[in-house]
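This is what each chain is made of:
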Number of protein chains: 2
Amino acid sequence: MEDFHYNPHISVDCVIFGFDDQKINILLIKRKQSGKNVFALPGDLVQKGEDLDHAASRVLFELTGLQNLYLEQFKAFGSPDRIKDPVDIEWIKSIREHPEERVITIGYNSLVKVDGFEFTPSSFAEEVLWHPIEKPQKLAFDHNDIANTGWFMLREKIKREPMIAFSLLPEKFTLRQLQTLYEAIVGISLDKRNFRKRMLRNNFLVAMEERETGVSHKPAQYFRFDEDTYREDFARDQWFLF
Amino acid sequence: MEDFHYNPHISVDCVIFGFDDQKINILLIKRKQSGKNVFALPGDLVQKGEDLDHAASRVLFELTGLQNLYLEQFKAFGSPDRIKDPVDIEWIKSIREHPEERVITIGYNSLVKVDGFEFTPSSFAEEVLWHPIEKPQKLAFDHNDIANTGWFMLREKIKREPMIAFSLLPEKFTLRQLQTLYEAIVGISLDKRNFRKRMLRNNFLVAMEERETGVSHKPAQYFRFDEDTYREDFARDQWFLF
DNA sequence: AAAGATAGTGTAATGAGTACACTTAGCAAA
DNA sequence: TTTGCTAAGTGTACTCATTACACTATCTTT
């Protein structure tokens, strides 16, 4: 049997989502190149003997200082001509020992709670920033494809396992925040009363004593998400095909 | 920046599903090794300059002679110790020039209509066979993990895009076949009248003139699936989270 | 004290899901 | 040809979820 012994590089790229109470953003890194700003997804080569998930965790940790984030692989990108923009090729030549080598990358989605964490400066990036997912932004390499696919896959995933959406909210949140998040994910707006009615049917949303403070209107009650109750309630699969 | 220049092999492995009017099966290849039967998923190394999807199509075509099958990547498997069984290591040594090299594999799901196609003999396998997905069978390498993950991902995918299930049925099929398939995927049994009521609401199921022949009971009407109508009807997303 | 802003609340109508039993059409065996 | 077997094909009543829709309550600011 023929053995081509063709060994490309392997990397991971992370689409890191955050919710700012209005819209959903992804984390981008910015570098200056030939006087222009170039944006890209954070990522790195997989090291020898390193598990793929571990490589993605490592990228996340170096960037955010956080561990045990929601993290899920969503697709491998392996087109032979993934990198064809001259600007990208120039960049690759400046950082890789073997720039001619094909790179296959594994896309990972990650969810973070944006309240209260700081970016860690990275060797990769001059700057790290949140960028609205719905606002177009040209990215390096095939990172637009990766980010769009990641966003699509996240929404599909949340349809099936809505629980993970709570990874985007703070520990305590109002029903308004939850509804806004829901609307940002689904992309449609919902009736407030019907939304509340449906949510409050669910025992996994637990009302807390605490209310909002310092707002110039009637303060909203805080809720928290109870994962154990959720798992019990959601044993029922939904399965309505066609 | 450090560049490890660590380049593993890349392969694809295919989980190929077929429906025999009773249950769902996957395609396995069998080889004899040390007098024992060893079963595995069909797969191959990705060649130089070859796209990942192309590699998977190639494996499928070599095995079935069919092209344009439903084909979807579902996960990359990259654990550094994917291959640890001595039997597997021995096999690898006999077929690879660089057997010590780590292999990262991309899992693909594929759906075929089983009526009327023949397996093509392959250089890989002494025998190709259908095996019930629900019946446990020890496979080589981490192929049990790959097959189970593929089956899980297929079901999740069908929840969101039920249309693809029709890739498992012949061009013309009875509602009984459709219901059996539905039940095999979902894993629960359904009421016949309610199932028919729900299905016949959908315009994309088109009744044909033809009926079954040669059955020792009232012959069932044949239906076909109209993809265009489906796409119109299914513009409505279902989006009921929580 | 008034104005501005968002939280929080109920009802009636419609449509979908569920449970459930008998008749029909073809084939085969007596 | 009659009888029996098998799976196809059909309708109704009940329950429960979804939908559309408008006003009061509470806090801050001016």
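Conventions and cut-offs
Residues numbered from 1 in each chain as written. Chains lettered and ligands numbered in written order. Predicted model: local features only at pLDDT ≥ 70, side-chain atom pairs only at ≥ 80, totals over all residues. Heavy atoms only, no water. Phe/Tyr/Trp six-rings, centres within 6.5 Å; stacked < 30°, edge-to-face > 60°. Helix = DSSP H or I, 4+ residues; strand = E, 2+ residues; numbered from the N terminus. Lys NZ or Arg CZ within 6 Å of the ring centre and 35° of its normal. pLDDT = per-residue confidence, 0-100. Near = heavy atom within 4 Å. Polar contact = N/O pair within 3.5 Å; in protein donor to acceptor, adjacent residues only side chain to side chain. Nonpolar A, V, L, I, M, F, W, Y, C, P; charged D, E, K, R; others polar. Pairing = 2+ DSSP bridges. Buried < 20%, exposed > 50% of the residue type's maximum accessible area, 1.4 Å probe, protein only. Contact = heavy atoms within 4.5 Å. Domains from an automatic or database assignment. Buried area = accessible area lost by both parts, 1.4 Å probe. Salt bridge = Lys/Arg side-chain N within 4 Å of Asp/Glu carboxyl O. Arc of directions from axis to C-beta. Patch = residues over 30% accessible without salt bridge, like charges linked within 9 Å, V, L, I, M, F, W, Y side chains within 5 Å. Areas by Shrake-Rupley, 256 points an atom, 1.4 Å probe, with all protein chains shown as cover. Lys, Arg positive; Asp, Glu negative; His and termini not counted. Charge placed at Lys NZ, Arg CZ, Asp CG, Glu CD.

Novice: Looking at this structure, how should I read the packing of aromatic side chains?
Specialist: Geometrically, a pair of aromatic rings is defined through the distance of the ring centres and the angle of the planes. Evaluation of the coordinates by the stated rule reveals 18 aromatic pairs over all chains. Judged by centre distance (6.3 Å) and plane angle (80 degrees), the rings of Phe166(B) and Phe204(B) are edge-to-face. Here Phe204(B) lies in the loop between α5 (192-201) and β8 (205-211) and Phe166(B) lies in the loop between α3 (143-160) and α4 (175-186), a separation of 38 residues in the sequence. Here the basic side chain of Arg31(A) rests over the ring of Trp91(A), its NZ or CZ set 3.9 Å away from the ring centre.

Novice: Can you walk me through the confidence of the model for chain A in this structure?
Specialist: For residues with low pLDDT, the predicted coordinates do not support detailed interpretation. Across chain A, pLDDT averages 90, with 92% of residues at or above 70. The least confident element of chain A is helix α6 (residues 227-233) of chain A, whose mean pLDDT is 87; the most confident is strand β5 (residues 70-77) of chain A, at 98.

Novice: Could you clarify how one ought to interpret the protein's contact with DNA strand D in this entry?
Specialist: Around DNA strand D sit 23 residues in total, of which Lys197(A), Val215(A), Lys218(A), Lys192(B) and His217(B) are the nearest. Of all atoms in DNA strand D that approach within 4 Å of the protein, 44% are sugar or phosphate atoms. In the environment of DNA strand D, a base nitrogen lies 2.7 Å from a nitrogen or oxygen atom belonging to the side chain of Lys192(B). Arg193(B) has a polar side-chain atom sitting 3.5 Å from a base nitrogen of DNA strand D. For the surface near DNA strand D, the secondary structure elements donating two or more residues are α5 (192-201) of chain A together with α5 of chain B. No other element matches the five residues that α5(A) contributes to the surface near DNA strand D. Taken together, the residues of the surface near DNA strand D sort by class into four nonpolar, six polar and 13 charged.

Novice: Sorry, what's going on with the sheet that holds strand β10 (residues 221-225) of chain A here?
Specialist: Strand pairing in a sheet takes place through backbone hydrogen bonds and is either antiparallel or parallel in direction. The strand order across the open sheet formed by three strands is β8-β10-β9 (chain A), and the pairing between neighbours is antiparallel. Single-partner strands in this sheet number two, and they are β8 (172-173) and β9 (205-211) of chain A.

Novice: Would you mind showing me how to read the side chain of Thr149(A) here?
Specialist: Residues and elements named next belong to chain A. When you line up the elements, Thr149 lands in helix α3 (residues 143-160). Residue classification places Thr149 among the buried residues on the basis of a relative accessible area of 18%. If near-sequence neighbours (up to four positions away) are discounted, Thr149 is found in contact with Phe74, Lys75 and Phe77.

Novice: What's the story with the protein's contact with DNA strand C in this structure? I'm lost.
Specialist: Taken together, the neighbourhood of DNA strand C is formed by 23 residues, with Lys192(A), Arg193(A), Lys197(B), Val215(B) and Ser216(B) sitting nearest. In this structure, a phosphate oxygen belonging to DNA strand C sits 2.9 Å away from a main-chain N or O atom of Gln221(A). Between a base nitrogen of DNA strand C and a side-chain N or O atom of Arg193(B), the distance comes to 3.2 Å. Where the surface near DNA strand C is concerned, the elements lending two or more residues are α5 of chain A together with α5 of chain B. When residues of the surface near DNA strand C are assigned to their parent elements, the largest contribution, five residues, is made by α5(B). Per-class residue counts for the surface near DNA strand C are four nonpolar, six polar and 13 charged.

Novice: I keep staring at the domain arrangement of chain A and nothing clicks. Help me out?
Specialist: All names here are of chain A. Entries for chain A in the domain assignment read domain 1 (9-160) and domain 2 (170-233). A separation of 30 Å is found between the C-alpha centroids of domain 1 and domain 2. Buried surface at the junction of domain 1 and domain 2, both sides included, amounts to about 760 Å², of which 65% is carbon and sulfur. Connecting domain 1 to domain 2 are one salt bridge. Lys113 is the salt-bridge partner of Glu171, the closest N and O atoms lying 4.0 Å from each other. In this structure, the connection of domain 1 to domain 2 is made through two residue pairs in polar contact (both at pLDDT 80 or more). Broken down by element, the side of domain 1 that touches domain 2 gets its largest block of residues, three residues, from α3. The residue makeup of the side of domain 1 that touches domain 2, split by class, is four nonpolar, one polar and four charged.

Novice: Sorry, what's going on with helix α2 (residues 86-95) of chain B here?
Specialist: For the α-helix, the turn length of 3.6 residues means that residues three or four positions removed from each other point alike. Residue and element names in this part refer to chain B. Within the span of α2, buried status applies to Asp88, Trp91, Ile92 and Ile95. Taken end-on, α2 shows its buried residues confined to a sector of 100 degrees, consistent with a single buried face. Turned more than 90 degrees from where α2 packs its buried face, Pro86, Lys93 and Ser94 sit exposed. Where α2 is buried, its residues touch β2 (24-33).

Novice: Mind showing me how you'd approach a positive patch on the surface here?
Specialist: Residues and elements named next belong to chain A. There is a patch of like positive charges on the surface, built from Lys192, Arg193, Arg196, Lys197, Arg201, Arg211 and Lys218. Here the element with the most residues in the positive patch is α5; it accounts for five residues. Following the sequence through the fold, Lys218 ends up in the loop between β9 and β10. The class of Lys218 is exposed, set by a relative accessible area of 69%.

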